[in-house]
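Chain and residue survey
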Amino acid sequence: MGFRIPGIRRASFQAAPKAVEVPKGYLAVYVGEKMKRFIISISYLSQPSFQELLSQVEEEFGYDHPMGGLTIPCNEDAFLDLVSRLNRL
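Residues numbered from 1 in each chain as written. Predicted model: local features only at pLDDT ≥ 70, side-chain atom pairs only at ≥ 80, totals over all residues. Heavy atoms only, no water.

1. Description of the packing of aromatic side chains
All chains considered together, the criterion is met by 2 aromatic pairs. Judged by centre distance (5.2 Å) and plane angle (50°), the ring pair of F38 and F79 falls under tilted. Separated by 41 residues along the polypeptide, F38 in strand β3 (residues 36–41) and F79 in helix α2 (residues 76–87) bring together distant segments of the chain. Given a relative accessible area of 0%, F38 falls into the buried group. (Phe/Tyr/Trp six-rings, centres within 6.5 Å; stacked < 30°, edge-to-face > 60°. Helix = DSSP H or I, 4+ residues; strand = E, 2+ residues; numbered from the N terminus. Buried < 20%, exposed > 50% of the residue type's maximum accessible area, 1.4 Å probe, protein only.)

2. Things to note about the side chain of S84
By the element assignment, S84 lies in helix α2. In this structure S84 comes out as buried when scored by relative accessible area, which is 6%. Among the polar contacts made by the side chain of S84, one reaches the side chain of R88 at a distance of 3.1 Å. (Polar contact = N/O pair within 3.5 Å; in protein donor to acceptor, adjacent residues only side chain to side chain.)

3. As for the environment of L27
When you line up the elements, L27 lands in strand β2 (residues 26–31). Remark: the alpha-carbon pair of L27 and I42, spanning 15 residues in sequence, is separated by 6.0 Å. When sequence neighbours within four positions are dropped, the list of residues in contact with L27 reads V22, F38, I39, I40, I42, L45 and L70. (Contact = heavy atoms within 4.5 Å.)

Below you can see the structure in the form of structure tokens.
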């Protein structure tokens with residue numbers, strides 16, 4: 001069960017329950033205070049804006065991610081805005 005951002009035909013990310021397997025070429029991340037799980041394309045990892053976000057993650061959490069996926073310490077709106085911009089590239 002995912003959702004779409006208006007204006008994007010096929011979002012390359014989706015909100016996903018824990019039971020959903022992560023397909024090849026994608027990565028599970030946990031975002032926000034409620035640790036909402038998203039499945040994102042690994043292509044984001046090469047984008048400078050996403051790399052900046054990952055640097056912030058490293059500073060705050062190091063490499064210990066108890067949720068089993070990458071934990072991103074920003075609010076959901078900021079994350080969705082970043083992903084929306086990356087989808088336009």
